[in-house]
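Listed below, chain by chain, are the residues.
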Amino acid sequence: ELVRIPAGSFQMGSPDTERGRWSADGPVHTVTIGYDFYMGKYEVTQGQWLAVMETSPGGYEWDYGVGSEYPAYNVSWDDAQAFITAVNAHITTTGQGPATLRLPSEAEWEYACRAGTQTRFHFGDSLGVDDNCEDDGERSQYMWYCGNNTTSGTKPVGGLLPNGFG
């Protein structure tokens, strides 16, 4: 399932003063995405991966959250490229349309994640609690982290609230 991401501009990166910031997260700079694009609503699931590739990436055995609705993981860049090539070939050979899938650029990814916000997270700054496994009543609605991942491992896709782009 793909979601349309509208064209727009945003401030990429995080300011020097942002709590939890890593030095590689800056400098803040304006980026304009001058075109609409589509992005997967969810991560590629293990079920989708297996339907296309028939085996897990790199021969790894998934064991940190397993199931057809769980995200595929241990995926290298080469694995991702092979998956995209296989999906594009399937789309073409089955006459499903002109779509050509690709990985998003770093700017497209951050723009889609921010969904028009300028806060630390797309749902706000979440500064009322420490960054150590505490919940402010919002974090656990939007993201998996040590505070709500008590049975550690991946979780089925789509289990939390989406950002403003869906």
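Check the entry above for the structure.
If you're wondering where the values come from, they're calculated on a predicted model, not measured in any experiment.

1. Examining the pattern of salt bridges
Across all of its chains, the model carries eight salt bridges by this definition. Two residues, D16 and R21, come together in a salt bridge whose shortest N-O distance is 3.3 Å. Assessed through its relative accessible area of 68%, D16 is described here as exposed. Overall, the relative accessible area of 21% leaves R21 in the partly exposed class. A salt bridge links R120 to D131, with the shortest nitrogen-to-oxygen separation between them at 2.7 Å. Of this pair, R120 sits in the loop between α3 (106–114) and α4 (139–142) while D131 sits in the loop between α3 and α4, and the two are 11 residues apart along the sequence. With relative accessibility at 16%, the residue R120 sits in the buried group.

2. Here's the deal with unusual backbone geometry
Going from G26 to P27, the amide bond is cis rather than trans, its omega being 0 degrees. Its location among the elements puts P27 in the loop between β2 (8–12) and β3 (29–33). Even without a glycine there, the phi angle at A115 is positive, about 50 degrees. Along the chain, A115 falls in the loop between α3 and α4. According to the relative accessible area criterion, A115 is buried, its value standing at 13%. Despite not being glycine, C133 has its phi angle at roughly 55 degrees, a positive value. Considering the arrangement of structural elements, one finds C133 in the loop between α3 and α4.

About the cut-offs
Residues numbered from 1 in each chain as written. Predicted model: local features only at pLDDT ≥ 70, side-chain atom pairs only at ≥ 80, totals over all residues. Heavy atoms only, no water. Salt bridge = Lys/Arg side-chain N within 4 Å of Asp/Glu carboxyl O. Buried < 20%, exposed > 50% of the residue type's maximum accessible area, 1.4 Å probe, protein only. Helix = DSSP H or I, 4+ residues; strand = E, 2+ residues; numbered from the N terminus.

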